[in-house]
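So you can see what is in the structure, the chains are spelled out below.
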Amino acid sequence: MPDSIHEHALFSAFDALIFQKTAGQFECLGGLPSWFPPSGVLQGPEGTPEKLLEVSFFLQHFLRDVGPWWESNKVGQMKSGLWSETAIFGEDVILEATAVYQGGQRYLVLQRFGSDMLPVQPLLQKAREEQLSHRASIHLHERTEARLGTQLAKSEQERDDLLAVLDGLRLGTIMTDANGVVTFLSGKAQELLQVDSAKVLGCTLPAGLGWKGEYTNRIEEMGKVTEAGRQPISVVVERKKRPSVSLEVDVHDDPRGSRKKILFLKDVTEVEELRRQLTGPTQFHRLIGKSPAMRAVYERIRDIATVDVSVLIQGETGTGKELVARALHDFSLRKDRPFVAVNCAGLTESLLGSQLFGHKRGAFTGAVQDHEGFFEAADGGTLFLDEIGDMPLPIQTTLLRVLQEGEIIRLGESRPRVVNVRVLAATNQDLPSLVESGRFRSDLLYRIRVARLQLPPLRERREDIPLLSLAFLEKARVIIGKIGVRDIAQTAMQCFLRYSWPGNVRELKGALDYALIHCRSNSILPDDLPPEFRELSPSIGSLSGPGVRDQRQEILEALKHVNGRRAQAAKLLNMSRSTFYRRMRELSIPMDDQSS
Amino acid sequence: MVQKKICMLGGFAVGKTSLVRRFVSGIFSEKYLTTVGVKIDQRTVTAKGKELLLVLWDLYGDDDYQKVRASYLQGSSGYILVIDGTRKETIDVAIRLHEFTTATLGPIPFVLLLNKYDLEDEWAVDLPMVSDLGQKACLVSTVSAKTGEGVEAAFAALAEAMTSS
Ligand SMILES: Nc1nc2c(ncn2[C@@H]2O[C@H](COP(=O)(O)OP(=O)(O)OP(=O)(O)O)[C@@H](O)[C@H]2O)c(=O)[nH]1
Ligand SMILES: [Mg+2]
């Protein structure tokens, strides 16, 4: 027990709760501190300082530790460390207990710290917060890095997967930027084009790939059309020491900007080869057609091209006589020398004469200069005289002499000039009947028709009509600028197949141009055709193909001619009897019983 | 009523105080106020049909500034080891504290909690990383003091484990 008033005053000044332990009992010394009773369970009459020692879990725990120490009678003190106990003191009240052994007495001192009174708290708080925020920023950094890393890896993976798929599909890929500069070239594309991407990247297509301007222009053109209207472009790539490849190039807009393009290269070499094998030659030089009649023409051209003689090419107007002449020239030994074509129709005698043989200055009014004629111009090469049936007789005479002597004399000159020219002549007239009527010299006829070549009219090779019309369409839609028109409707083709084509291939080409100009959809319809096709309604039925009507007519006429005797009719038509019967059945021609 | 002392152990700011506050008062605060010293709370629960007073010793976060005193662990029937699921490094602290506790008290029941599970985007810990520790715990669980997810169940599991031992 404190017996001094001074002691009491001293304890009070600490603002602490001080107990003295005597005979197993704790007794509170001095006055109560300002913080007692606290805001929790000790409120009320029961809430004595001694009660605190009972209810505080922490103090009980501490006193268990302190007991043996007090018993050891060592002078000094033992601290509990800071603690708080919500149920007793409420939040934010921190205390510390100190056990003291002094002068043989045991004391327990309880001190309270407000959060403001604890210098250690803000320090710790700051240190820990700093550590947290530092860590957070590192973490953010790491996560961003990791995310970018995965995204990059993912997009690279996706790109690789995509390329593997494309390569697997045998699709080459080229990407170009808004300026047409190549930014990407897949492995397959490099293989197909036999180029090294390092040499192509950064170049434009014409510069990087060395393709013909024709191809790159078409690719560029195609890029300007809306995607729906685009067509694959056929490109044939010649490769060093390896067979050439046929490619179909699809032009797509890059989804990231339509001025950037993605080109897909499809290797169609095999397909092309198969197609060629299946269809046989569909074209010879610039002549188109795979009908037996045309194949015979091709063969004949090959046969006579290299024999250096005059050729008379006969055929109706528009059958392509000049194309034959050019083919003959190009397959001849003269192919590197000039090919000169002259149309003999519609020119006056003197004009045609000076055109062919040339003239001296002043030879006639208007001849202001010396003039070299076509014969001289064609020296060493080929002169093609079209419409030779219209050539005036005096010119025929001169021509005959030139052909016989191998020299020409310019009008107004007397000096002959040696010329070495192969003459190819063409006509759509029947020259022998012109000879008969005295309008054509027979000796010239014999001279020019050393070799002869007959071109069939289109109506006699109707099976070539689809091929021809599609070939013309392919060219014309680019020239006319209707790239979207891709084919000819079956109904329109039926009209073409039924028409008699007096103007032959030239007329077909004209009809196609007309139709293309009038066409509003992506295929040519009967309504787009010129007026002469209007009556040819496709109602006859799709079974009757080219030439069907003619054949039926032919057979009926033959039967009529021989009074219905089939064996004779067959003979007349140069057919075996079995073929004849089969045809009759196919063409539903009724068999009259009385005829054999 | 039977009393059981439970210590909350873990690195600083892993959410020990928040978990106790969620469990005792059902509230949560985003503000971080680091615990100085020992903070004592209590709540009654029923385990195996018996009422039990859990006395929760929320110990300050163990770090370079403050080390948990062995004497504070004395008398514990179990403990809750808390890891901050958004900070991997708090696993190491948990492992260290587990070793320290076992050395001081011998093996007693504990639950291992991966706290802050609501922060999915920042989640950085997965179960294999804590599997060694987890095998010794009577429960390993992801929890959130913020949403309360898993908190009751974790304390219940520990209470259960303490009554049977
Ligand atoms: N989002 C979220 N935040 C939490 C969660 N638990 C705790 N926090 C926050 O984390 C910070 C630290 O929480 P405390 O409960 O103070 O952590 P402590 O482990 O007691 O920290 P010390 O006392 O310093 O050891 C505070 O800002 C809390 O709001 C949780 O489950 N989710
Ligand atoms: Mg805390």
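Above this text is the structure in question.
The structure reproduced in this document is the subject of the present report. (Residues numbered from 1 in each chain as written. Chains lettered and ligands numbered in written order. Predicted model: local features only at pLDDT ≥ 70, side-chain atom pairs only at ≥ 80, totals over all residues. Heavy atoms only, no water.)

Turning our eyes to something else, we now look at the overall build of chain B. Counting secondary structure elements, chain B contains 5 helices and 6 strands. Reading the secondary structure of chain B in the N-to-C direction produces β-α-β-β-α-β-α-β-α-β-α. Looking at chain B as a whole, 53% of its 165 residues are labelled buried. For chain B, long-range pairs separated by at least 24 residues make up 71% of all intrachain contacts whose partners lie at least 6 apart in sequence. Only carbon and sulfur atoms are counted for the fraction: they give 51% of the accessible area of chain B, which is about 7000 Å². (Helix = DSSP H or I, 4+ residues; strand = E, 2+ residues; numbered from the N terminus. Buried < 20%, exposed > 50% of the residue type's maximum accessible area, 1.4 Å probe, protein only. Contact = heavy atoms within 4.5 Å. Areas by Shrake-Rupley, 256 points an atom, 1.4 Å probe, with all protein chains shown as cover.)

Before going further, it helps to examine the coordination of the magnesium ion (ligand 2). Each pair of donors in an ideal octahedron of six around a metal sits at 90 or 180 degrees, and each pair in an ideal tetrahedron of four sits at 109.5 degrees. Residues and elements named next belong to chain B. Around the magnesium ion (ligand 2), the donor atoms from the protein are T17 (OG1) and T35 (OG1), and they sit 1.8 to 2.0 Å away. Taken as a pair, T17 in helix α1 (residues 16–25) and T35 in the loop between α1 and β2 (38–47) lie far apart in primary sequence, 18 residues in all. Judged by its relative accessible area of 18%, T17 is buried. (Donors = N, O, S within 2.8 Å, 3.2 Å for Na, K, Ca; no water.)

Within the local environment of B:T17, its side chain forms a polar contact with the side chain of B:D58, the two groups lying 2.6 Å apart. B:T17 has contacts with B:T35, B:K39 and B:D58, leaving out every residue within four places of it along the chain. (Polar contact = N/O pair within 3.5 Å; in protein donor to acceptor, adjacent residues only side chain to side chain.)

Residues and elements named next belong to chain B. Burial analysis of strand β1 (residues 2–10) places 7 of its 9 residues in the buried class, the great majority of the element. Relative to strand β3 (residues 50–58), β1 is paired through 7 bridges, and the arrangement is parallel. Considered in β3, the bridge of C7 is made with W57. Here β1 pairs with strand β4 (residues 76–84) via 6 bridges, running parallel. Residue pairing in the sheet places M8 in a bridge with I80 of β4. (Pairing = 2+ DSSP bridges.)

With that settled, the discussion passes to the sheet that holds strand β20 (residues 422–427) of chain A. Hydrogen bonding along the main chain pairs the strands of a sheet, whether they run parallel or antiparallel. Residues and elements named next belong to chain A. Taken together, the 5 strands give an open sheet; going across it, the order is β14-β17-β20-β13-β21, and neighbouring strands pair in parallel fashion. Among the strands making up the open sheet, the edge pair consists of β14 (339–343) and β21 (451–454). When the angles between neighbouring strand axes are averaged without regard to direction, this sheet yields 20 degrees. Bridge count between strand β17 (residues 382–386) and β20: 4 bridges; the pairing is parallel. The residue of β20 that forms the bridge with F384 is L424. (Axes fitted to C-alpha atoms, helices over the stretch in contact; angles between N-to-C directions.)

Attention shifts here to the interface of chain B and chain A. The accessible area lost on association of the parts is a frequent measure of interface size. The interface is formed by 34 residues belonging to chain B together with 29 residues belonging to chain A. When chain B packs against chain A, close to 2600 Å² is buried across both sides, 55% of that on carbon and sulfur atoms. Summed over the shared surface of chain B and chain A, the number is 3 salt bridges. When the shortest N-O distance is used, the salt bridge between A:E91 and B:R21 registers 3.9 Å. There are 16 residue pairs in polar contact (both at pLDDT 80 or more) connecting chain B and chain A. Looking at the side of chain B that touches chain A, the elements that each hand over two or more residues are β1, β2, β3 and α2 (70–73) of chain B. When residues in the side of chain B that touches chain A are grouped by element, the largest group, 5 residues, is from β2(B). (Buried area = accessible area lost by both parts, 1.4 Å probe. Salt bridge = Lys/Arg side-chain N within 4 Å of Asp/Glu carboxyl O.)

Within the open sheet, the 11 strands sit side by side as β2(A)-β1(A)-β5(A)-β4(A)-β3(A)-β2(B)-β3(B)-β1(B)-β4(B)-β5(B)-β6(B). Their pairing is mixed. One side of each edge strand has no neighbouring strand; the edge strands of this open sheet are β2 (25–29) of chain A together with β6 (139–142) of chain B. The sheet shows a mean angle of 25 degrees between the axes of neighbouring strands, taken without regard to direction. Packing of helix α3 (residues 90–105) of chain B onto the sheet brings it into contact with β1, β4 and β5 (110–115) of chain B, and relative to β4(B) it is tilted by some 165 degrees. Lying on the sheet, helix α5 (residues 151–164) of chain B is in contact with β1, β2, β3, β4, β5 and β6 of chain B; it crosses β4(B) at an angle near 150 degrees.

Attention now moves to the site of ligand 1. Residue and element names in this part refer to chain B. Lining the immediate surroundings of ligand 1 are 23 residues, of which S18, S29, E30, Y32 and T34 lie closest. A distance of 2.7 Å is found between an oxygen atom of ligand 1 and a backbone nitrogen or oxygen belonging to E30. Here an oxygen atom of ligand 1 sits 2.9 Å away from a polar atom, N or O, in the side chain of T35. For ligand 1, the accessible surface in isolation is 650 Å², of which the surrounding protein chains cover 95%. Here the shell around ligand 1 takes 3 residues from α1, the largest share from any one element. Its residues assigned to classes, the shell around ligand 1 comprises 7 nonpolar, 10 polar and 6 charged. (Near = heavy atom within 4 Å. Nonpolar A, V, L, I, M, F, W, Y, C, P; charged D, E, K, R; others polar.)

In terms of nonpolar packing, the biggest core is built from 54 residues, with A:W83, A:L108 and A:L110 touching the most fellow members. A per-element tally of this core places helix α3 (residues 57–71) of chain A first, with 8 residues. (Core = buried A, V, L, I, M, F, W, Y, C linked by side-chain atoms within 4.5 Å.)

Attention now moves to the packing of aromatic side chains. Counted according to the given criterion, the structure contains 21 aromatic pairs over all chains. For the pair A:F284 and A:Y298, a centre-to-centre distance of 5.0 Å together with 15 degrees between the ring planes defines the contact as stacked. Pair noted here: A:F284 is in strand β11 (residues 283–284) and A:Y298 is in helix α11 (residues 292–305), with a separation of 14 residues, a long-range link. Here the two residues A:F284 and A:Y298 agree in accessibility, since each one is buried. A network of ring pairs unites the aromatic residues A:F58, A:W83, A:F89, B:W57 and B:Y72 as a single cluster. Above the ring of B:F23, the side-chain terminus of B:R43 is found at 4.1 Å from the ring centroid. The cationic tip of B:R87 hangs over the ring face of B:F12; the distance from NZ or CZ to the ring centre is 5.3 Å. (Phe/Tyr/Trp six-rings, centres within 6.5 Å; stacked < 30°, edge-to-face > 60°. Lys NZ or Arg CZ within 6 Å of the ring centre and 35° of its normal.)

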